[in-house]
Amino acid sequence: MTRYGMIIDLERCIGCNACTIACKQKHATLPGVFWTKVNVSEEGTYPHAFKKFLPTQCNHCENPTCMHVCPTGATYKREDGLVLVDQDKCIGCRYCMAACPYEARSFDFGDHSGYFPEIAEKTAYEKAGDADRVKGTVTKCKFCSDRIDANSPLKNGVPVTACAQVCPTSARIFGDLDSPEMQKCVKEGAYQPRPDQRTNPNIYYLPK
Amino acid sequence: MDATKVLPTTTRRSFLKGSAALAAALAVGSGVTIGAAEALAETNAGGENEEKWVKSFCGTCIFTNCGLEVKVVNGVAVEVRGDLDHPVNQGTMCPRGAAQLMNLYNPYRCKVAVKRTNPEKGLDVDPQWQEISNDEAKQIIFDKMKEVQEKDPRRLMFMYGFGDTLHESPFTKIFTAIFNTPNYAMSCGPLCEVHHAPTMYNNTFIDRVDVGHCNYLITLGRNMGASAAFASGPSRAMANAWKRGMKTVVVDPHCTNEAAHGEWLPMRPGGDMAFVMAMARILITEELCDYEFLRTRTNVPYLVVEDGDYLYDANGKPLMLDEADGKVKAYDDPTLVKPALNGPAEYEGKSYDTAFDRIAAAVEVATPEWAEEKTDIAAADILRVTREFAKEARIGETITLEGVTLPYRPVCLATGRGAANTMQGMRTYLVADMVNCLVGALGVPGSMVHVEWPKFEVDNGVILPEPIAPYLEKQTQAFTIPFNDYTGKQFSALARFPVLTTAMGGIVDPEKYFLDYDIDVLFPIGSNAFMADSSRDLVVKAFQKVPFIYTLAYSMDETSMFCDVLLPEPSSLERTQCKPIEEIMTADLQSMRTGGLNFKSSPVELLYDTVQYEDLIIEMAYYCGPKTSANLNMITSGFFKLMGTPYAMEPTKKYTWEDMLDRYFRATAGDEKGLDWFRENGHWTYERPVEECYDYCIQGVGRLPLYNQRDMMVGRNLKKNCEKWNVEQPGWEGRMDEVYAEYTPVPEWHDNWLTESGDEFDMFCVNWKISPRILALGGADENAWLREVCEFLEFDDLRIQINPAAAEARGLKDGDKVIVESQFGGTTEGVLKVTGLMRIDCLGFPAQGGHVAPDMNPVARRGTTYNQLLSADDGNYFTESGSISIASRVKIRKADK
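(A) The arrangement of the interface of chain A and chain B in detail. Taken together, the contact between chain A and chain B spans 51 residues of the former and 65 residues of the latter. At the boundary of chain A and chain B, one finds four salt bridges. Lys51(A) is the salt-bridge partner of Asp796(B), the closest N and O atoms lying 3.1 Å from each other. Where chain A touches chain B, the interface holds 21 residue pairs in polar contact (both at pLDDT 80 or more). Of all the secondary structure elements, the ones that give two or more residues to the side of chain A that touches chain B are helix H1 (18-27), strand S2 (36-43), strand S3 (50-57), helix H4 (124-130), strand S8 (154-155) and helix H6 (162-166) of chain A. Among the elements that line the side of chain A that touches chain B, the one with the most residues is H1(A), at seven residues. For the side of chain A that touches chain B, the per-class residue count stands at 28 nonpolar, eight polar and 15 charged.

Right, dumping it as structure tokens:
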């Protein structure tokens, strides 16, 4: 069985946020909601200061604490590794948000006025996006499950997420974590975020 | 100069209230123009999901190359992704490309045609728009255009910028020729001084770095792709190079995204010339040069006379000393074996230096310690970096690519706008390319190479963009008082673009600029000089004076506010458009080899009743009479290289834009690949041979102009013309010697207003592009997603950056509201961000914000207005090029609470 995951090569990341916006537009997320984003920090001191880029999102953990704390089973893990939220089962208790060590989840408070609340008529794009919103539920990265289910589009023979496809430097490699290509990266020193949490994330980072 | 003076006093709410017609025009929820979008939404409600993917290409950077696919569900575009089959972007996009749906579905777009009813014009004046039909708007415009054609076509001025159509439409480049006017202006010209050196060294409009092979890259104020995140190849090539181990040294007042992957040398603004001169000196004095390259591929062995010109023989041919037999010979003498790099050479009883001697003498002053004083970069670092650069140049090595063996010089000193647009910037770029040439790194794998197919014209054995005699003759012909055109190129003799100060100043006061006629009609398109340039007051006065201004508007921006008639324009994704594929700036060999054509047409029914630029020009040219009709057909035919093919256009027939595209496609891609083929496939590409990618293979016997005799002759010709007509360049009255001094054949350092100190302006302001906003292309300033990323995620957000030590010394802290005032009187306000990524004597302004037009998306108004800290005033812009300095000296103070 395929075990989907991602390797993020920090040597390639230029912090451009193309992934952030590709995700936003594909999933029509609300203002202030970022299922993925690039965190930028300043390291060192002048004149030896530099920027450090760290893309983050749901890690689709092997041992997801968010799933364990969910009282209704709304958060579930698929056999192919994806951790998803069943919006119909979510009761909005937000235990999962508190439990996630990566702060990767957002809550839909019901304000669906979108990017132009001052304008009465919504744009056709935002109207279309409203179809998937459920007030009072938790949302997060889906690893573009629709693309995986449709097995399209394919990059190097594997369905690819919007963030991995868009990356202009190919810093994100999406695929089967058990494949030789992904395992090679892991052996080269790719690490999981917050191993102390024992969540066993399916996203790895190749250090600079 | 003072931005605060021109801020509108009305609020958005009161402004709209006061103009019912405008509210209708904007149709913000009014339903007047939603039309198509609403109908589509209804279809969606029916539950039938009709889904399709439509091929397109991007419109959000300077030279858009990336193929896209747009997902349309029930008539609504819901997703954009890179085209995985497109060899250029390979499925990727930059953040701007990814955000295009917000450009399409921007509720603040101009949606209907309007005319102003308030004759008064200003940034704080309500135009009192009245909605009219597209037909009525066109009739008004066409009548005015016809009238000016009949009266004096010179009274028409065209003005363009990076806004939308610049590099997409043929009619932007050929507009003036179609409508018989010499007058055009460019809002994107003054801060884009990056074309002269590439023209001289690579015979190309823009150069690019072959980072696919480069191992040691020094950037001087140049964005290599990472900071702008170009998805068409530059970002990928840079990431691959870093993985391969390329060292990057960023010489810049600001620690860029590229510096995060390399070394940062924080340089004082304006010090660039000193840095490159010091590099040249080290390479020459430590004998680290590629002497074979210098002898055979450059003009430095030419002998020079005392006044700087070449030494010529009786036939007018430049002379060289042959080391093989000690004789002085013409440059093309077949017996010439080994041109000497050093003199003296004896010729007809006199002794002469070589050009190389002159260059060596000119940089003698530039010791690393001298350069440290100017740049604030440690002498030891300048020495170290230069030695590493020379070592990594691998002088003598070759590389074989696809069977083609070439010199291998995997190093590049890459100059960009940040350096070229500071004082002495044009010459800095030339000297930087000279440094590249000193180690043989120009036009070969790993170095700086051409972009467009270069002509490589050779004059006296030297590669020049144009042979010098006809060039000077042309300059002289244009220099007749009164001037025939508003370009200002008569005085700014090396200007690539019209001098904006002259174009705008000429409108306000023609006599001052030696002009004897007025501008009656102005057509700005994709152009916003109120934001993109400094000296806003001058632009306001010019726009107030022109009797009739019209545009195609996507945005209700500052330019739109000054128009008499507006027609609504399609968004980038909605246009029927094509563009040749050509990677720029940064590339690997695969990108360089890829050529072709991109095509797009709207993936959805046009949201509004918009008029595309090309359709307007065609209709207008045919309306104005047989001359403009013939111009349109014949010039377009020439531009698309249709002449002599079965697709050539006839002067008297009428064509549509789609007819023209179909002919262009068939003539370029083959008869079977017409418009229908492109509608289905989106793009067509081909692979160039390696030989076409490197100048070294195609420049033939021409030598590179390290010794800049050409520009020196241009300066002398300018002096001759000025003295003949007894005129002085406006702004330089009484100090024309400073003007002529810029036309020097060898590197020279000139003190200037940026390097002065001792007054209260104790800091510099600096500015750079960020990935969500470069040049406001593709409607970036109003794009809700891009602005959100700018404000909440980018390190380079809307705040003004200051070094921790500088903040402490001034009692300032993170979050303080401050006022920055420049030496030219311009001021801007902002909020401080304290960061060690900024030089200690600089204030950093990422990108540009602070629109003042009240009807734009309010997010566009946030942030600081940078350009008003600069000056394009006469006497302050760069005399030789018409460009302006991107940095000024400034002072900062805390704003009153």
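(B) Representation of the pattern of salt bridges. Residues and elements named next belong to chain B. As enumerated under the stated definition, the model contains 73 salt bridges over all chains in all. Between Arg889 and Glu756 there is a salt bridge, with its nearest N and O atoms 3.6 Å apart. One end of the pair, Arg889, is in strand S35 (residues 888-894); the other, Glu756, is in the loop between helix H30 (736-741) and strand S30 (763-768), and 133 residues separate them in sequence. The exposure class of Arg889 is buried, given its relative accessible area of 3%. Classification of Glu756 by relative accessible area gives partly exposed; the value is 47%. Here Arg862 makes a salt bridge to Glu791, at a shortest N to O gap of 2.9 Å. Of the two residues, Arg862 is situated in the loop between strand S34 (842-846) and S35 and Glu791 in helix H31 (residues 784-792); the sequence distance between them amounts to 71 residues. With a relative accessible area of 39%, Arg862 lands in the partly exposed category. Here the salt bridges share partners, and the residues they tie into one network are Lys247, Glu263, Asp381, Arg384 and Glu388.

(C) Examining the side chain of Thr559(B) more closely. Along the polypeptide, Thr559(B) turns up in helix H22 (residues 558-561). Setting aside residues up to four positions removed in sequence, Thr559(B) forms contacts with Pro524(B), Ser527(B), Asn528(B), Ala529(B), Phe530(B) and Phe543(B).

(D) Focus on the layout of surface pockets. Of the pockets and cavities examined, the second largest pocket occupies roughly 960 Å³. Sorting the residues of the lining of the second largest pocket by element identifies H1, strand S5 (83-85), strand S6 (106-107), H4, strand S7 (138-139) and helix H5 (145-150) of chain A together with strand S2 (67-73) and strand S3 (76-82) of chain B as the ones contributing at least two each. Looking at the lining of the second largest pocket residue by residue, the classes come out as 18 nonpolar, eleven polar and ten charged.

Here is what the cut-offs are and how they apply
Residues numbered from 1 in each chain as written. Chains lettered and ligands numbered in written order. Predicted model: local features only at pLDDT ≥ 70, side-chain atom pairs only at ≥ 80, totals over all residues. Heavy atoms only, no water. Contact = heavy atoms within 4.5 Å. Salt bridge = Lys/Arg side-chain N within 4 Å of Asp/Glu carboxyl O. Polar contact = N/O pair within 3.5 Å; in protein donor to acceptor, adjacent residues only side chain to side chain. Helix = DSSP H or I, 4+ residues; strand = E, 2+ residues; numbered from the N terminus. Nonpolar A, V, L, I, M, F, W, Y, C, P; charged D, E, K, R; others polar. Buried < 20%, exposed > 50% of the residue type's maximum accessible area, 1.4 Å probe, protein only. 1 Å grid on protein atoms, 1.4 Å probe; cavity = no way out; pocket = protein on both sides within 12 Å on 5 of 7 lines; lining within 4 Å. Points joined across faces, edges and corners; volume = space filled by probe spheres on them.

Functional significance is not addressed by these values, which are geometric in nature.
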